[in-house]
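What the coordinates show
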Amino acid sequence: MQYVFPKDFIFGTSTAAAQIETAFEHDWQGVKAKDGNIFDRTTDHELRLVEDANIISSLAPYYRMGLLWSKLQRAPHAPLHVETVLEYKAFLKDLKSKGVKIMMVLHHFTNPIWFAKQGGWEKLENINYWIDFAKKTIDAFADDVALWNTFNEPNVYASNGWITGYFPPFKNNPVKAAIVVKNMGRAHDEIYSYIKQRHPNQPVGISHNAVVFTSENILGWFPERLSDWWFMEWVPKYFENVDFFGMSYYARVSHDPMPITFMNSPEKLKKLGKAHDDMWEYHPEGLRTCINRYWNKYKKPIIITESGVADSTDALRQRAIVDYAKILHEALQDGIDIRGYFWWSTWDNFEWNLGSAMRFGLYECNNETKDRTKRPSAEVFRKLAHYGMIEC
């Protein structure tokens, strides 16, 4: 069966600056990942801008990306670094010449070391540092941007930085996690207003990580409910001032009482007979579950800002593109206002605390040489993204 998407439907691929550029004075630099790799040299993107622009444009008409705050603004309230601005501008100009439109992310997990040393997002007085950076970035790059995404997954950022302790600053303090979310929410509201005043025709949204939480037994019920409340309800309410609700989706996570994932409990997942990628349970139907939930809640246009699978074989990735496209098409047919879908990721990158072992890319990135190699899934997604149709 053939599924055809509206001509104005947004298809794109997605990356994050810190995960593809060599680390530059940010709070992840030097962190040792679970796979033993050090967060420093990632994929050499800054050395391969022309090559990467060709890859990006070949895959889709849109690209979701970010800029390194630590590289652009090297001290509090400092002007943006001229050479870095020119480098990013040249890259964006190249993409524009190839017909690629940009969704720009203003914060994607990393902060300059100077910001982290002053307490980062834990302190209300610090949000003005990011607001200053964001305003200067908007002024410098607005002509190159089609859509804005203020914060990437604040629920993941706060949870992993201040509850599980997986992300910098590696703390276990739920009270501070809540403070971080509230401070980011205040910053989001101010920058939303700033963009709408200066560029009223450029949509502004959030990217919220959506998960289907379930439980396997009575022991898992409470942690499942608590996770759902915090992750899916409490955090998003601080980012409701948007033109579109951006949502990433990767997995269903069950509890017994601990979360059951292929990363941390592969035997449990296998015993339950659940499909999985290299990280989580594979449950594409959950995308529709989450779309329904937030459409019913907000009745605002939805853009899937990230979706994909960690798959070193590429077999599941090819299937997943088709599975997710079918779900999106059915939701559109049912009258849900979905505007776009971004695949994570364009090429393999450094997956935060997990390292480069987790493979999400439509293109493979060699860990040693950093050479990019096209995977079969790239062709599947290219046809969907550029022609707006797919055989299911």
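Residues numbered from 1 in each chain as written. Predicted model: local features only at pLDDT ≥ 70, side-chain atom pairs only at ≥ 80, totals over all residues. Heavy atoms only, no water.

A few words on the packing of helix 12 (residues 315–333) against helix 13 (residues 376–387). Across the interface, helix 12 lies against helix 13 with an axial gap of 8 Å and an inter-helix angle of 20°. One way to sum up the angle between helix 12 and helix 13 is to call them roughly parallel. Judged by the twist between their axes, the crossing of helix 12 over helix 13 is right-handed. When helix 12 is examined against helix 13, the residues R317, Q318, I321, V322 and A325 are found in contact with a partner set consisting of P376, S377, V380, F381 and L384. Here the contact of helix 12 with helix 13 is composed, by residue class, of seven nonpolar, two polar and one charged. (Axes fitted to C-alpha atoms, helices over the stretch in contact; angles between N-to-C directions. Helix = DSSP H or I, 4+ residues; strand = E, 2+ residues; numbered from the N terminus. Parallel < 35°, antiparallel > 145°, perpendicular 65-115°, else oblique. Left-handed = near helix turned anticlockwise from the far one by under 90°. Contact = heavy atoms within 4.5 Å. Nonpolar A, V, L, I, M, F, W, Y, C, P; charged D, E, K, R; others polar.)

Moving on: the side chain of N149. Structurally, N149 can be placed in strand 5 (residues 147–152). Given a relative accessible area of 0%, N149 falls into the buried group. (Buried < 20%, exposed > 50% of the residue type's maximum accessible area, 1.4 Å probe, protein only.)

To continue, consider the side chain of N160. Checked against the element boundaries, N160 lands in helix 7 (residues 154–162). A distance of 3.1 Å separates a polar atom in the side chain of N160 from a polar atom in the side chain of T164. For N160, the residues in contact, after removing those within four places along its chain, are G165, Y166 and F167. (Polar contact = N/O pair within 3.5 Å; in protein donor to acceptor, adjacent residues only side chain to side chain.)

Bringing the packing of helix 9 (residues 218–234) against helix 11 (residues 285–298) into the picture now. When two helices pack together, you describe them by how their axes are tilted relative to each other and by the distance separating the axes. Interaxial distance between helix 9 and helix 11 falls to 12 Å at its minimum, and their mutual angle equals 55°. The orientation of helix 9 relative to helix 11 falls into the category oblique. Judged by residue contacts, D228, M232 and E233 of helix 9 engage C290, R293, Y294 and K297 from helix 11. Split by residue class, the contact of helix 9 with helix 11 holds three nonpolar, no polar and four charged.

Turning to the nonpolar core, a few remarks are in order. Formed by 125 residues in total, the largest nonpolar core has its most connected members in Y63, W121 and W130. When residues in this core are grouped by element, the largest group, ten residues, is from helix 8 (residues 174–198). In this structure, I10, M103, F244 and F342 belong to the second largest nonpolar core, which totals seven residues. (Core = buried A, V, L, I, M, F, W, Y, C linked by side-chain atoms within 4.5 Å.)

All told, the structure shown has 33 salt bridges when counted by the stated rule. As a salt-bridge pair, K270 and E267 come within 3.8 Å of each other at their nearest N and O atoms. Separated by three residues within a single helix, K270 and E267 lie in helix 10 (residues 266–271), roughly one turn from each other. Classification of K270 as partly exposed rests on a relative accessible area of 46%. According to the relative accessible area criterion, E267 is exposed, its value standing at 56%. Among the charged side chains, a network of salt bridges with common partners joins E224, R225, D228, E233, R293 and K297. (Salt bridge = Lys/Arg side-chain N within 4 Å of Asp/Glu carboxyl O.)

In this structure, the largest pocket encloses a volume near 1300 Å³. Looking at the lining of the largest pocket, the elements that each hand over two or more residues are helix 7, strand 6 (204–215), helix 9, strand 7 (244–255) and strand 8 (259–260). The greatest single-element share of the lining of the largest pocket, amounting to five residues, is contributed by helix 9. Within the lining of the largest pocket, the residues separate by chemical class into 26 nonpolar, 13 polar and six charged. (1 Å grid on protein atoms, 1.4 Å probe; cavity = no way out; pocket = protein on both sides within 12 Å on 5 of 7 lines; lining within 4 Å. Points joined across faces, edges and corners; volume = space filled by probe spheres on them.)

Residues I218, L219, W221, F222, L226 and W229 make up a contiguous nonpolar surface patch of roughly 730 Å² in combined accessible area. For W229, the location among the structural elements is in helix 9. Among the residues examined, W229 registers a relative accessible area of 45% and is labelled partly exposed. (Patch = residues over 30% accessible without salt bridge, like charges linked within 9 Å, V, L, I, M, F, W, Y side chains within 5 Å. Areas by Shrake-Rupley, 256 points an atom, 1.4 Å probe, with all protein chains shown as cover.)

This next bit is on the environment of L316. The residue L316 is located in helix 12 in this model. Residue L316 is classed as buried on the basis of its relative accessible area of 13%. When the C-alpha positions of L316 and D277 are compared, they lie 7.3 Å apart, and in sequence the two are 39 residues distant. Not counting residues within four places of it along the chain, the set of residues in contact with L316 comprises H276, D277, Y282, V309 and D311.

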